[in-house]
Amino acid sequence: MSPRYRFSGHETFPFRYPWPLKGVRGLLRDPGLFFREDSIVTLGVGKNMVASIRFWLEALGLAVIDGRARLGYPTELGRKLLREGGWDPYLEDPATLWLLHWQLVESPEIASTWSLVFSNWIRSGFTRAELLDWLEEVAQEAGNQRTSRNSLKRDVEVFVRTYVRGRPERRRSIEDTFDCPLVELGLIRTASRDLYWLGRDTRSTLPVEVFAYALASYWKAHADEQQTLTFERLLYGRGSPGAAFKLSEAGLAALVESLPDWSGFDYDETGGLRLVIRRERGSLDPIGLLEMYYTQNADEAAA
């Protein structure tokens, strides 16, 4: 079956720091929030931004919105991260930004451009025009005949602005100059005015616990029957943590070698093979891996 890609829904806005918090807490108070006429008042943004917040909550895996039932509910991750007293409601920890980036890559049917670029694009550099042409080919091959080039062009623009700091322009409103939190990750760098660099690096601010969460999620989705995965697959495989985080070989090696015992993973290099081993199928709780990180950080801050 051909994948179902989506190249719209964000209303041309990358998400902003307050939006996940506003959206999740709004849904905790009122599951019908996004179907109410006064949602613009409740969220304190314009009508197009209400639709954009809804899109990003789903793309980031923070909420599930049921259009038929006209209801929305935060996911377990959305609640634990953003509720009152949650892990990191104001997105202050770089670990949370890495986590949200991973969530985008894991949403191929909602944030398709984000997932496709970090999973399938193999070159280090790109221009907007190159991405546009490539995505148009991918959409056509997948049978997305109704996807217009203009829609793809807007999607590419929002994708770039998710990771690259915007240039001040006189014609843009102050609201439109707000950068997406993910620009802090440095995943995409500007080489020239319209040439961008998507290179691999060690990712020193990526905590091993968030990597372990991504590893557990990837394993469950793509290789649930297997007990081992090769280092190369985790580095280069489509949708893998190595691809999603654009890890260098040294960066991935450092992370798999530092996986804690409680993560349920082991790293082995015997016999000339580099393997990550999952000890027991079904025993790993990805959310529990995140809980370990945020609980430990909270304890250290309180000490």
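Residues numbered from 1 in each chain as written. Predicted model: local features only at pLDDT ≥ 70, side-chain atom pairs only at ≥ 80, totals over all residues. Heavy atoms only, no water.

Examining the sheet that holds strand β6 (residues 228–230)
- Strand order in the open sheet formed by 3 strands is β6-β8-β7, and the pairing between neighbours is antiparallel. Among the strands making up the open sheet, the edge pair consists of β6 and β7 (265–268). Strand-to-strand twist across the sheet, computed as the mean angle between neighbouring axes with direction ignored, equals 25°.
- Here β6 runs beside strand β8 (residues 275–278); their pairing, made up of 3 bridges, is antiparallel. Among the inter-strand pairings, Thr 230 is bridged to a residue of β8, identified as Leu 275. (Pairing = 2+ DSSP bridges. Helix = DSSP H or I, 4+ residues; strand = E, 2+ residues; numbered from the N terminus. Axes fitted to C-alpha atoms, helices over the stretch in contact; angles between N-to-C directions.)

Some points on the pairing of strand β4 (residues 189–192)
- Bridge count for β4 against strand β5 (residues 195–197) is 3 bridges, and the pairing is antiparallel. The residue bridging Arg 189 from the neighbouring strand is Trp 197, located in β5.
- Once β4 ends, the chain turns through 2 residues before running back antiparallel as β5.

Here's the deal with the packing of helix α5 (residues 94–105) against helix α9 (residues 208–222)
- Following both chains from N to C, one finds α5 and α9 inclined at 15°, their axes separated by 10 Å at the closest point. Overall, the two elements α5 and α9 adopt an arrangement that is roughly parallel. Relative to α9, α5 is oriented so that their crossing is right-handed. Listed contacts from α9 to Ala 95, Trp 98, Leu 99, Trp 102 and Gln 103 of α5 are Val 210, Tyr 213, Ala 214, Ser 217 and Tyr 218.
- Of the residues belonging to the contact of α5 with α9, the class tally is 8 nonpolar, 2 polar and no charged. (Parallel < 35°, antiparallel > 145°, perpendicular 65-115°, else oblique. Left-handed = near helix turned anticlockwise from the far one by under 90°. Contact = heavy atoms within 4.5 Å. Nonpolar A, V, L, I, M, F, W, Y, C, P; charged D, E, K, R; others polar.)

A short note on unusual backbone geometry
- Of note, Thr 12 is a non-glycine position whose phi angle comes to about 70°, a positive value.
- Following the sequence through the fold, Thr 12 ends up in the segment before α1 (18–29).

Examining the packing of helix α6 (residues 112–120) against helix α8 (residues 149–163)
- Running from amino to carboxyl end, α6 crosses α8 at an angle of 65°, the nearest separation of the two axes being 10 Å. The orientation of α6 relative to α8 falls into the category roughly perpendicular. Taken as a pair, α6 and α8 cross one another with a handedness that is right-handed. Contacts between α6 and α8 involve Thr 113, Trp 114, Val 117 and Phe 118 from the first element and Asp 155, Val 158, Phe 159, Thr 162 and Tyr 163 from the second.

Some thoughts on helix α7 (residues 128–141)
- Helix length check: α7, at 14 residues, gives a terminal C-alpha distance of 20 Å against a target of 20 Å (1.5 Å per residue), a fit within 8%.
- Burial in α7 covers these residues: Leu 131, Leu 132, Trp 134, Leu 135, Val 138 and Ala 139.
- Taken together, the buried residues of α7 touch α6, β3 (125–126) and α8.
- Downstream of α7 by one or two residues, Gly 143 has phi in the positive range, about 90°. (Expected span 1.5 Å × (residues − 1). Buried < 20%, exposed > 50% of the residue type's maximum accessible area, 1.4 Å probe, protein only.)

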